[in-house]
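# Examination of the molecular architecture
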Amino acid sequence: MGLINLLRLRRPKGMHIHLRQDDLLKLVVMFSNIYGWVLDIGNLLIPIKSPEQVRRRREEIEANNISFKFLLSVMLTEDMMPDLLEECHEAGADVLKYQPFGTTTNSQFGVRLEKLREKYDVLERALELRMIFTGHWELPYNPLTGKDIPLPLREELSIPYLSDVIDYFPGLTIGVEHISGRPMLQFVQQAPLNVFGGITAHHMGCTRADMRDQGSFNPHYSCRPVLKDFEDCLALMTAVSAEDNDNLIFTPDCAPHLKERKETMSDPPVGIFAPGHIGIPLIIQGLENVGLPIRETALNNFFSYNAERIYSLPPADDEIVLVREPCIVPAEYNGIVPLWAGRQLNWQMKEY
Ligand code: NCD
Ligand code: ZN
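Residues numbered from 1 in each chain as written. Chains lettered and ligands numbered in written order. Predicted model: local features only at pLDDT ≥ 70, side-chain atom pairs only at ≥ 80, totals over all residues. Heavy atoms only, no water.

### A few points about the site of ligand 1
Lining the immediate environment of ligand 1, one finds 16 residues, of which Arg20, Thr104, Arg224, Asp253 and His257 sit closest. A distance of 2.9 Å is found between an oxygen atom of ligand 1 and a side-chain nitrogen or oxygen belonging to Asn43. Contact between ligand 1 and His257: an oxygen atom at 2.8 Å from a side-chain N or O atom of the residue. Relative to its unbound accessible surface of 310 Å², ligand 1 loses 100% to contact with the protein. Among the residues making up the shell around ligand 1, the classes are represented as three nonpolar, ten polar and three charged. (Near = heavy atom within 4 Å. Polar contact = N/O pair within 3.5 Å; in protein donor to acceptor, adjacent residues only side chain to side chain. Areas by Shrake-Rupley, 256 points an atom, 1.4 Å probe, with all protein chains shown as cover. Nonpolar A, V, L, I, M, F, W, Y, C, P; charged D, E, K, R; others polar.)

Given below as C-alpha coordinates:
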(Lines give C-alpha, C1' and ligand atoms only; values in the text may rest on other atoms or scores of the structure.)
(Ligands and ions follow the chains in the order given, each with its own letter.)
Protein backbone atom coordinates (compact mmCIF):
# COMPACT_ATOMS: atom_id res chain seq x y z
CA MET A 1 0.00 0.00 0.00
CA GLY A 2 1.35 3.44 -0.92
CA LEU A 3 1.87 6.27 1.47
CA ILE A 4 -1.38 8.01 2.35
CA ASN A 5 -1.30 11.77 2.69
CA LEU A 6 -4.86 12.49 3.69
CA LEU A 7 -7.04 10.87 6.27
CA ARG A 8 -10.74 11.45 6.83
CA LEU A 9 -12.05 10.29 10.18
CA ARG A 10 -15.43 10.57 11.79
CA ARG A 11 -15.49 13.36 14.32
CA PRO A 12 -13.77 11.96 17.42
CA LYS A 13 -15.09 11.77 20.97
CA GLY A 14 -12.99 13.01 23.88
CA MET A 15 -14.24 10.76 26.64
CA HIS A 16 -11.94 11.93 29.44
CA ILE A 17 -11.14 15.63 29.49
CA HIS A 18 -10.45 17.85 32.46
CA LEU A 19 -12.27 20.96 31.32
CA ARG A 20 -11.10 22.62 34.59
CA GLN A 21 -12.38 26.06 35.69
CA ASP A 22 -11.95 29.80 35.03
CA ASP A 23 -9.17 30.66 32.54
CA LEU A 24 -8.16 27.04 32.13
CA LEU A 25 -11.76 26.14 31.31
CA LYS A 26 -11.76 28.68 28.47
CA LEU A 27 -8.51 27.27 27.10
CA VAL A 28 -9.48 23.61 27.31
CA VAL A 29 -12.90 24.32 25.80
CA MET A 30 -11.30 26.10 22.86
CA PHE A 31 -9.10 23.10 22.14
CA SER A 32 -11.91 20.61 22.71
CA ASN A 33 -14.15 21.94 19.97
CA ILE A 34 -12.72 19.35 17.58
CA TYR A 35 -14.64 16.68 19.48
CA GLY A 36 -18.28 15.83 18.88
CA TRP A 37 -18.71 14.76 22.49
CA VAL A 38 -16.65 15.26 25.63
CA LEU A 39 -16.77 13.59 29.03
CA ASP A 40 -15.88 16.19 31.64
CA ILE A 41 -14.03 14.75 34.63
CA GLY A 42 -15.27 16.22 37.91
CA ASN A 43 -12.01 16.16 39.89
CA LEU A 44 -12.14 19.89 40.55
CA LEU A 45 -10.53 21.45 43.63
CA ILE A 46 -13.88 20.77 45.25
CA PRO A 47 -14.95 17.50 43.63
CA ILE A 48 -18.33 17.36 41.92
CA LYS A 49 -20.54 15.27 44.17
CA SER A 50 -23.88 17.04 44.65
CA PRO A 51 -26.84 17.81 42.36
CA GLU A 52 -26.24 21.57 42.79
CA GLN A 53 -22.65 21.18 41.64
CA VAL A 54 -23.76 19.13 38.64
CA ARG A 55 -26.23 21.82 37.58
CA ARG A 56 -23.68 24.58 38.14
CA ARG A 57 -21.06 22.66 36.19
CA ARG A 58 -23.37 22.38 33.19
CA GLU A 59 -23.93 26.15 33.24
CA GLU A 60 -20.21 26.83 33.75
CA ILE A 61 -19.34 24.83 30.64
CA GLU A 62 -22.23 26.13 28.55
CA ALA A 63 -21.25 29.75 29.29
CA ASN A 64 -18.39 29.20 26.80
CA ASN A 65 -18.38 29.04 23.08
CA ILE A 66 -18.67 25.27 22.77
CA SER A 67 -19.39 23.26 19.67
CA PHE A 68 -19.22 19.86 21.40
CA LYS A 69 -21.88 18.10 23.44
CA PHE A 70 -20.82 16.77 26.78
CA LEU A 71 -21.45 14.30 29.57
CA LEU A 72 -20.89 15.13 33.21
CA SER A 73 -19.32 12.97 35.88
CA VAL A 74 -19.63 12.86 39.65
CA MET A 75 -16.81 11.66 41.86
CA LEU A 76 -16.90 8.58 44.07
CA THR A 77 -15.81 10.25 47.31
CA GLU A 78 -16.07 8.96 50.90
CA ASP A 79 -19.39 10.73 51.39
CA MET A 80 -21.08 9.62 48.16
CA MET A 81 -24.23 7.65 49.00
CA PRO A 82 -26.70 5.79 46.74
CA ASP A 83 -29.49 8.36 47.12
CA LEU A 84 -27.10 11.25 46.54
CA LEU A 85 -25.85 9.54 43.40
CA GLU A 86 -29.42 9.25 42.20
CA GLU A 87 -30.00 12.96 42.78
CA CYS A 88 -26.81 13.77 40.87
CA HIS A 89 -28.03 11.56 38.05
CA GLU A 90 -31.37 13.38 37.98
CA ALA A 91 -29.43 16.65 37.86
CA GLY A 92 -27.67 15.48 34.70
CA ALA A 93 -24.62 13.34 35.56
CA ASP A 94 -24.32 10.12 33.55
CA VAL A 95 -20.97 8.89 34.79
CA LEU A 96 -19.62 7.87 38.19
CA LYS A 97 -15.89 8.53 38.16
CA TYR A 98 -13.44 6.93 40.55
CA GLN A 99 -10.00 8.20 41.50
CA PRO A 100 -8.62 6.15 44.42
CA PHE A 101 -7.15 8.15 47.31
CA GLY A 102 -3.56 9.21 46.70
CA THR A 103 -3.37 8.42 43.01
CA THR A 104 -3.61 11.70 41.11
CA THR A 105 -4.70 15.37 40.99
CA ASN A 106 -7.31 16.12 43.70
CA SER A 107 -7.67 12.45 44.59
CA GLN A 108 -7.40 13.23 48.30
CA PHE A 109 -11.19 12.99 48.42
CA GLY A 110 -11.30 9.57 46.76
CA VAL A 111 -12.13 6.29 48.46
CA ARG A 112 -9.08 4.09 49.10
CA LEU A 113 -8.88 1.20 46.70
CA GLU A 114 -8.85 -1.33 49.54
CA LYS A 115 -12.06 0.23 50.85
CA LEU A 116 -13.92 0.26 47.57
CA ARG A 117 -16.11 -2.64 48.72
CA GLU A 118 -17.61 -0.29 51.31
CA LYS A 119 -18.99 1.70 48.39
CA TYR A 120 -20.48 -1.19 46.46
CA ASP A 121 -23.95 0.07 47.44
CA VAL A 122 -23.19 3.20 45.39
CA LEU A 123 -22.02 1.06 42.46
CA GLU A 124 -25.20 -1.00 42.80
CA ARG A 125 -27.25 2.19 42.43
CA ALA A 126 -25.11 3.26 39.45
CA LEU A 127 -26.03 -0.05 37.84
CA GLU A 128 -29.75 0.46 38.54
CA LEU A 129 -29.54 3.97 37.06
CA ARG A 130 -27.59 2.62 34.06
CA MET A 131 -24.77 5.04 34.80
CA ILE A 132 -21.25 4.21 33.67
CA PHE A 133 -18.64 3.54 36.33
CA THR A 134 -15.21 4.47 35.12
CA GLY A 135 -12.02 4.53 37.13
CA HIS A 136 -8.41 5.44 37.48
CA TRP A 137 -6.98 2.05 38.43
CA GLU A 138 -3.81 2.37 40.49
CA LEU A 139 -2.79 1.15 43.94
CA PRO A 140 -0.58 3.91 45.42
CA TYR A 141 0.11 2.43 48.86
CA ASN A 142 0.73 -1.06 50.15
CA PRO A 143 -2.46 -1.68 52.17
CA LEU A 144 -0.54 -3.77 54.73
CA THR A 145 2.38 -1.43 55.42
CA GLY A 146 1.06 1.93 54.20
CA LYS A 147 4.31 2.36 52.23
CA ASP A 148 4.36 3.96 48.78
CA ILE A 149 4.27 1.58 45.83
CA PRO A 150 6.72 2.53 43.02
CA LEU A 151 4.92 4.42 40.24
CA PRO A 152 5.54 1.87 37.45
CA LEU A 153 3.87 -0.92 39.48
CA ARG A 154 0.74 0.87 40.62
CA GLU A 155 -1.53 0.13 37.68
CA GLU A 156 -0.79 -3.59 37.59
CA LEU A 157 -1.27 -3.94 41.36
CA SER A 158 -4.77 -2.46 41.13
CA ILE A 159 -6.00 -5.32 38.92
CA PRO A 160 -7.30 -7.54 41.78
CA TYR A 161 -9.52 -4.68 43.00
CA LEU A 162 -10.84 -4.00 39.51
CA SER A 163 -11.39 -7.70 39.03
CA ASP A 164 -13.48 -7.82 42.19
CA VAL A 165 -15.77 -5.06 40.88
CA ILE A 166 -16.14 -6.87 37.56
CA ASP A 167 -17.02 -10.18 39.27
CA TYR A 168 -19.49 -8.48 41.58
CA PHE A 169 -21.28 -6.38 38.94
CA PRO A 170 -21.58 -8.31 35.68
CA GLY A 171 -24.25 -5.87 34.48
CA LEU A 172 -22.39 -2.63 35.20
CA THR A 173 -20.47 -0.89 32.41
CA ILE A 174 -16.98 -0.51 33.87
CA GLY A 175 -14.25 1.68 32.42
CA VAL A 176 -10.48 1.48 32.81
CA GLU A 177 -9.22 4.99 32.15
CA HIS A 178 -5.88 5.68 30.49
CA ILE A 179 -4.42 2.18 30.27
CA SER A 180 -0.65 2.59 30.45
CA GLY A 181 0.96 -0.84 30.62
CA ARG A 182 0.84 -4.32 29.16
CA PRO A 183 -0.61 -6.14 32.20
CA MET A 184 -3.67 -3.87 32.35
CA LEU A 185 -4.09 -3.94 28.58
CA GLN A 186 -4.10 -7.73 28.56
CA PHE A 187 -6.52 -7.76 31.45
CA VAL A 188 -8.97 -5.46 29.64
CA GLN A 189 -8.65 -7.38 26.38
CA GLN A 190 -9.63 -10.59 28.17
CA ALA A 191 -12.33 -9.01 30.34
CA PRO A 192 -16.08 -9.53 29.83
CA LEU A 193 -17.99 -7.38 27.36
CA ASN A 194 -19.17 -4.88 30.00
CA VAL A 195 -15.57 -3.71 30.53
CA PHE A 196 -13.92 -1.11 28.31
CA GLY A 197 -10.53 0.57 28.28
CA GLY A 198 -9.46 4.11 27.50
CA ILE A 199 -6.10 5.01 25.98
CA THR A 200 -4.39 8.40 25.70
CA ALA A 201 -2.06 9.70 22.99
CA HIS A 202 0.75 10.17 25.48
CA HIS A 203 0.62 6.63 26.86
CA MET A 204 0.83 5.40 23.26
CA GLY A 205 3.38 7.87 21.96
CA CYS A 206 5.68 8.67 24.89
CA THR A 207 7.81 6.62 27.26
CA ARG A 208 9.40 7.31 30.61
CA ALA A 209 12.47 8.51 28.73
CA ASP A 210 10.40 11.59 27.83
CA MET A 211 10.23 12.46 31.52
CA ARG A 212 13.98 13.15 31.35
CA ASP A 213 15.27 16.22 29.59
CA GLN A 214 19.07 16.24 29.32
CA GLY A 215 19.29 14.30 32.54
CA SER A 216 16.83 16.30 34.59
CA PHE A 217 13.17 15.69 35.37
CA ASN A 218 10.73 17.16 32.84
CA PRO A 219 7.43 17.76 34.68
CA HIS A 220 5.53 18.31 31.43
CA TYR A 221 5.59 14.58 30.76
CA SER A 222 4.57 13.68 34.28
CA CYS A 223 1.13 12.13 34.60
CA ARG A 224 -0.68 9.28 36.28
CA PRO A 225 -0.47 6.49 35.52
CA VAL A 226 3.19 7.27 34.89
CA LEU A 227 4.50 6.81 31.33
CA LYS A 228 5.88 3.34 30.76
CA ASP A 229 8.26 1.62 28.31
CA PHE A 230 8.38 1.35 24.53
CA GLU A 231 7.06 -2.22 24.71
CA ASP A 232 3.98 -0.87 26.48
CA CYS A 233 3.45 1.82 23.82
CA LEU A 234 3.81 -0.81 21.12
CA ALA A 235 1.25 -3.08 22.78
CA LEU A 236 -1.21 -0.18 23.10
CA MET A 237 -0.72 0.91 19.49
CA THR A 238 -1.10 -2.67 18.25
CA ALA A 239 -4.36 -3.02 20.17
CA VAL A 240 -5.72 0.29 18.86
CA SER A 241 -4.90 -0.47 15.23
CA ALA A 242 -6.39 -3.98 15.34
CA GLU A 243 -9.78 -4.70 13.75
CA ASP A 244 -11.08 -6.18 17.00
CA ASN A 245 -10.54 -3.05 19.11
CA ASP A 246 -14.23 -2.98 20.10
CA ASN A 247 -13.76 -2.27 23.80
CA LEU A 248 -11.07 0.40 23.45
CA ILE A 249 -11.80 4.12 23.21
CA PHE A 250 -9.82 7.34 23.01
CA THR A 251 -9.59 9.03 26.40
CA PRO A 252 -7.43 12.11 25.71
CA ASP A 253 -6.91 12.89 29.42
CA CYS A 254 -6.28 16.49 28.50
CA ALA A 255 -5.19 17.67 31.96
CA PRO A 256 -3.45 21.06 31.94
CA HIS A 257 -1.52 22.59 34.82
CA LEU A 258 0.11 26.02 34.68
CA LYS A 259 3.71 25.94 33.44
CA GLU A 260 4.75 27.96 36.45
CA ARG A 261 3.30 25.47 38.90
CA LYS A 262 4.74 22.53 36.98
CA GLU A 263 8.21 24.07 36.94
CA THR A 264 8.49 25.64 40.38
CA MET A 265 6.73 23.34 42.81
CA SER A 266 8.83 20.76 44.65
CA ASP A 267 6.14 18.16 44.02
CA PRO A 268 4.69 19.41 40.71
CA PRO A 269 1.09 18.55 39.81
CA VAL A 270 0.60 15.54 37.54
CA GLY A 271 -1.27 15.72 34.25
CA ILE A 272 -0.43 16.47 30.62
CA PHE A 273 -2.08 19.11 28.46
CA ALA A 274 -2.96 16.87 25.52
CA PRO A 275 -5.32 18.66 23.11
CA GLY A 276 -6.75 16.62 20.25
CA HIS A 277 -5.01 18.52 17.46
CA ILE A 278 -1.72 17.26 18.95
CA GLY A 279 -2.79 13.90 20.37
CA ILE A 280 -4.57 12.59 17.28
CA PRO A 281 -1.71 13.34 14.82
CA LEU A 282 0.74 11.91 17.38
CA ILE A 283 -1.17 8.63 17.43
CA ILE A 284 -1.19 8.40 13.60
CA GLN A 285 2.51 9.16 13.44
CA GLY A 286 3.24 6.64 16.19
CA LEU A 287 1.45 3.88 14.27
CA GLU A 288 3.39 4.77 11.14
CA ASN A 289 6.71 4.90 12.96
CA VAL A 290 6.34 1.35 14.23
CA GLY A 291 4.98 0.07 10.91
CA LEU A 292 1.40 -0.58 12.01
CA PRO A 293 -1.41 -0.17 9.47
CA ILE A 294 -3.41 3.07 9.28
CA ARG A 295 -6.87 1.55 8.89
CA GLU A 296 -9.77 3.96 8.82
CA THR A 297 -12.15 1.34 10.17
CA ALA A 298 -10.02 0.61 13.24
CA LEU A 299 -9.34 4.30 13.84
CA ASN A 300 -13.00 5.25 13.52
CA ASN A 301 -13.90 2.53 16.02
CA PHE A 302 -11.29 3.77 18.46
CA PHE A 303 -11.93 7.50 18.11
CA SER A 304 -15.67 7.44 17.61
CA TYR A 305 -17.92 4.36 17.16
CA ASN A 306 -16.89 2.45 20.28
CA ALA A 307 -17.58 5.45 22.51
CA GLU A 308 -20.95 5.95 20.82
CA ARG A 309 -21.91 2.39 21.63
CA ILE A 310 -20.54 2.35 25.19
CA TYR A 311 -21.85 5.77 26.21
CA SER A 312 -25.10 5.52 24.15
CA LEU A 313 -24.36 8.66 22.14
CA PRO A 314 -26.02 9.59 18.86
CA PRO A 315 -23.81 8.86 15.84
CA ALA A 316 -21.46 11.57 14.62
CA ASP A 317 -22.52 12.89 11.25
CA ASP A 318 -19.42 14.77 10.21
CA GLU A 319 -15.69 14.30 9.81
CA ILE A 320 -12.28 15.70 10.51
CA VAL A 321 -9.45 15.75 7.99
CA LEU A 322 -5.79 15.11 8.66
CA VAL A 323 -3.09 15.86 6.12
CA ARG A 324 0.54 14.85 6.01
CA GLU A 325 2.16 18.22 6.60
CA PRO A 326 4.96 18.50 9.16
CA CYS A 327 4.75 21.16 11.86
CA ILE A 328 6.38 21.92 15.19
CA VAL A 329 4.21 21.96 18.30
CA PRO A 330 4.34 25.38 20.03
CA ALA A 331 6.36 25.67 23.25
CA GLU A 332 3.28 26.85 25.12
CA TYR A 333 -0.33 28.00 24.87
CA ASN A 334 -1.33 30.72 27.38
CA GLY A 335 1.21 29.62 29.98
CA ILE A 336 0.61 25.90 29.54
CA VAL A 337 3.17 23.59 27.97
CA PRO A 338 1.39 21.10 25.68
CA LEU A 339 2.21 17.51 24.94
CA TRP A 340 5.05 17.20 22.40
CA ALA A 341 6.05 20.89 22.81
CA GLY A 342 8.83 21.89 20.43
CA ARG A 343 8.74 18.54 18.63
CA GLN A 344 7.66 17.63 15.13
CA LEU A 345 4.32 16.21 14.11
CA ASN A 346 4.07 14.72 10.63
CA TRP A 347 0.31 15.21 10.41
CA GLN A 348 -1.93 18.19 10.96
CA MET A 349 -5.64 18.45 11.42
CA LYS A 350 -7.07 20.63 8.69
CA GLU A 351 -10.83 20.89 8.56
CA TYR A 352 -12.39 20.81 11.98
C1 NCD B 1 -5.22 14.33 35.89
C2 NCD B 1 -5.42 15.80 36.31
O3 NCD B 1 -4.45 16.56 36.29
O4 NCD B 1 -6.55 16.17 36.66
N5 NCD B 1 -3.82 14.00 35.96
C6 NCD B 1 -3.20 12.96 35.35
O7 NCD B 1 -2.01 12.78 35.58
N8 NCD B 1 -3.80 12.17 34.50
C9 NCD B 1 -6.06 13.44 36.72
C10 NCD B 1 -6.21 12.05 36.18
O11 NCD B 1 -6.89 11.84 35.18
O12 NCD B 1 -5.63 11.14 36.75
ZN1 ZN C 1 -7.62 12.46 33.73
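Still to come is the rest of the account.
### A closer look at the coordination of the zinc ion (ligand 2)
Each protein donor to the zinc ion (ligand 2) is listed here as His16 (NE2), His18 (NE2) and Asp253 (OD); together their distances run 1.9 to 2.1 Å. Taken together, the four donor atoms surrounding the zinc ion (ligand 2) define angles of 92 to 125° at the centre, an arrangement classified as tetrahedral. Donor residues binding the zinc ion (ligand 2) come from one chain and are separated in sequence as H-x1-H-x234-D. Note that His18 is positioned in the loop between strand 2 (13–17) and helix 1 (22–32) and Asp253 in the loop between strand 11 (248–250) and helix 10 (259–264), a separation of 235 residues in sequence. Taken individually, His18 and Asp253 each receive the classification buried, so the pair is uniform in this respect. (Donors = N, O, S within 2.8 Å, 3.2 Å for Na, K, Ca; no water. Tetrahedral: all angles 85-135°; square planar, octahedral: opposite > 155°, others 65-115°. Helix = DSSP H or I, 4+ residues; strand = E, 2+ residues; numbered from the N terminus. Buried < 20%, exposed > 50% of the residue type's maximum accessible area, 1.4 Å probe, protein only.)

### A closer look at unusual backbone geometry
Cis rather than trans, the peptide bond between Arg224 and Pro225 has omega equal to -10°. Inspection of the secondary structure assignment puts Pro225 in the loop between strand 10 (216–217) and helix 9 (230–241). Its identity is not glycine, yet Asn106 carries a phi of approximately 60°, on the positive side. Among the structural elements, Asn106 can be located in the loop between strand 5 (93–98) and helix 4 (120–128). A positive phi angle, close to 50°, is found at Ser312, a residue other than glycine. For Ser312, the location among the structural elements is in the loop between helix 12 (296–310) and strand 12 (319–328).

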